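# Structural description and commentary
Here are the chains, one letter per residue:
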Amino acid sequence: MLGLGRFWDRLETNFPLGGPRRHLREKVLGAELADGLERAGVIVARGIAETYPCPSPGGVGCPRIVFSLGNGSFLALCGTRPVDCAMVPLTTEDVTWVEVDPIRLGRSLAAALGVHPKVEAVSGLADTFRVGTFIPEPGIRYPIFFMTRTSGRAYAEALDALRSRQTDSGAAVLVPTERFLPDDAVQRLADRGVPVLVLSDVVGLADSGLATVIDPIRYFGGIGGRSPVGPRSVSGEIVAQALVRDAGKPPSWLELHKRQLDDLRAAAGRYDVFADEANRTVSKKAGGIQPDIPLSYFGSIRAALTKRGHFDPNTEGPDMVSGKQTFQRARPVFDIKSGRSSWRIFPSVRTDEGHTVYSFRPDGDVSFAFVFLPES
């Protein structure tokens, strides 16, 4: 899963985020992220850009004007005299204006968070949308909202205004990041059963579109005062690093705050294998919990997970003396088999020289979460 930190940062200060496709790919989001969001339908094309951003904006002729040369060729030319910026040759793809579609963003968030989609702008509150309805059980319905602001005061005013419109039934609010969130305003909402969820902590980009790294239902537990939880923004130091993989999806490394770690541990039962270095335990769906796992096992497994290509524990593991023995003892603890088949996460590979090495190549339907202490 691809992290969306840069996207949420930029979206919060420039909503709805947009620009010429080449500029978004090269200067704003990066090619991989921009292309992925466009494939997911969150960013959409809106025609040909009339201007192109300047490296040092200023003056009446700024930004650069886009001129068509025909045959799909364009030039972005500085309008100041003397010229301050170099001309930029562009293609139709480069100069296509693309931007975040708020309605599609809302639908994607609703799908990722597992709520019934109902996307509409909130009247009288700029940059605020209802994205869907959380239905924990028949007959109970909670609206889920998205909003973005660029200052603590603006967030406080908008959050209080939104809260004043809600009945006693409760709601939840999604925000891009926590950097502008005022703690007192968030706590006031939490006390009234309106939790705030920080999207940069829990929503990433998978092949199928936006997706969550942890079961999102846990983040709606405080709606309507149903449970004594505090605000749902996540802050503090990183307490763990985890490689998490849901069945059928690519694995992704996560940096976890304490609350995120607690949530991941609470969801341990959904994974075929759940390993926790802090607790020195490994649990499996089919085999219960195994305690007191040697820390050397976690070190050897981590080395295998981070090695590109084949992993030779004698030359690339943390133990150069008995690396192979350590990994061979660790693999039955951290890996699984299906009947008499080969290992499903770390299969063995025989080299041309007859030497056995290993590969981190999990079967498509295997899920796992490997939690490690942060690297110093």
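Worth saying up front: this structure is predicted, and the values here are computed from it rather than measured.

### Quick notes on the confidence of the model for the protein
- Per-residue pLDDT for the protein averages 87, and the proportion of residues at 70 or more is 92%.
- This stretch, residues 226-235, has a pLDDT under 50; its non-local contacts, to residues over four places away or in other chains, come to 35 contacts.

### Describing the nonpolar core
- The biggest cluster of nonpolar side chains holds 38 residues, and the ones touching the most others in it are Phe7, Leu29, Leu37, Leu105, Phe146 and Leu210.
- With five residues, helix H5 (residues 102-113) is the largest single contributor of residues to this core.
- Ala275, Ile293, Phe298 and Val366 belong to the second largest nonpolar core, which has 24 residues in total.

### Observations regarding unusual backbone geometry
- Residue Pro16 is bonded to the preceding Phe15 through a cis peptide linkage, with omega at -10°.
- Its place among the elements puts Pro16 in the loop between helix H1 (5-13) and strand S1 (18-20).
- Following Arg81, the chain continues to Pro82 via a peptide bond in cis, the omega torsion being 0°.
- With respect to the helices, strands and loops of the structure, Pro82 is situated in the loop between strand S5 (73-77) and strand S6 (88-91).
- At Asp127, a position not held by glycine, the phi torsion is positive, near 50°.
- Structurally, Asp127 is set in the loop between strand S8 (116-121) and strand S9 (128-137).

### Digging into the side chain of His23
- Locating His23 in the fold gives a position in helix H2 (residues 21-28).
- We classify His23 as buried; its relative accessible area is 19%.
- Aside from chain neighbours lying at most four places away, what touches His23 is Val28, Tyr52 and Pro53.

### Topic: the sheet that holds S9
- Strand order in the open sheet formed by five strands is S8-S9-S10-S11-S12, with mixed pairing between adjacent strands. Every interior strand has two partners, whereas the edge strands, S8 and strand S12 (196-198), have only one. In this sheet, neighbouring strand axes are inclined to one another by 25° on average, regardless of whether the strands run parallel or antiparallel.
- With three bridges connecting them, strand S10 (residues 140-147) and strand S11 (residues 172-175) associate as parallel partners. Each residue of the ladder has a partner; that of Phe146, found in S11, is Leu174.
- Set on the sheet, helix H6 (residues 152-165) makes contact with S10 and S11; between it and S10 the angle comes to about 160°.

### Re the pairing of strand S7 (residues 96-100)
- For S7, a buried count of four out of five residues is recorded, marking the element as mostly surrounded by other parts of the structure.
- Where S1 and S7 come together, three bridges link them in antiparallel fashion. Paired with Gly19 across the strands is Val98, a residue of S7.
- Of the pairings in the sheet, the one linking strand S2 (residues 43-48) to S7 comprises four bridges and is antiparallel in character. Considered in S7, the bridge of Val44 is made with Glu99.

### Describing the sheet that holds S7
- The strand order S1-S7-S2 describes an open sheet built from three strands, whose pairing is antiparallel. Only two strands of the sheet have a single partner each, and these edge strands are S1 and S2. Shown here is a sheet whose adjacent strand axes are inclined to one another by a mean of 25°, direction ignored.

### What about the side chain of Thr96?
- By the secondary structure assignment, Thr96 is in strand S7.
- Look at Thr96 and you get buried, because its relative accessible area is 10%.
- Discounting chain neighbours no more than four positions away, the residues touching Thr96 are Gly19, Pro20, Arg21, Ala45, Gly47 and Ile48.

Conventions used here
Residues numbered from 1 in each chain as written. Predicted model: local features only at pLDDT ≥ 70, side-chain atom pairs only at ≥ 80, totals over all residues. Heavy atoms only, no water. pLDDT = per-residue confidence, 0-100. Contact = heavy atoms within 4.5 Å. Core = buried A, V, L, I, M, F, W, Y, C linked by side-chain atoms within 4.5 Å. Buried < 20%, exposed > 50% of the residue type's maximum accessible area, 1.4 Å probe, protein only. Helix = DSSP H or I, 4+ residues; strand = E, 2+ residues; numbered from the N terminus. Pairing = 2+ DSSP bridges. Axes fitted to C-alpha atoms, helices over the stretch in contact; angles between N-to-C directions.

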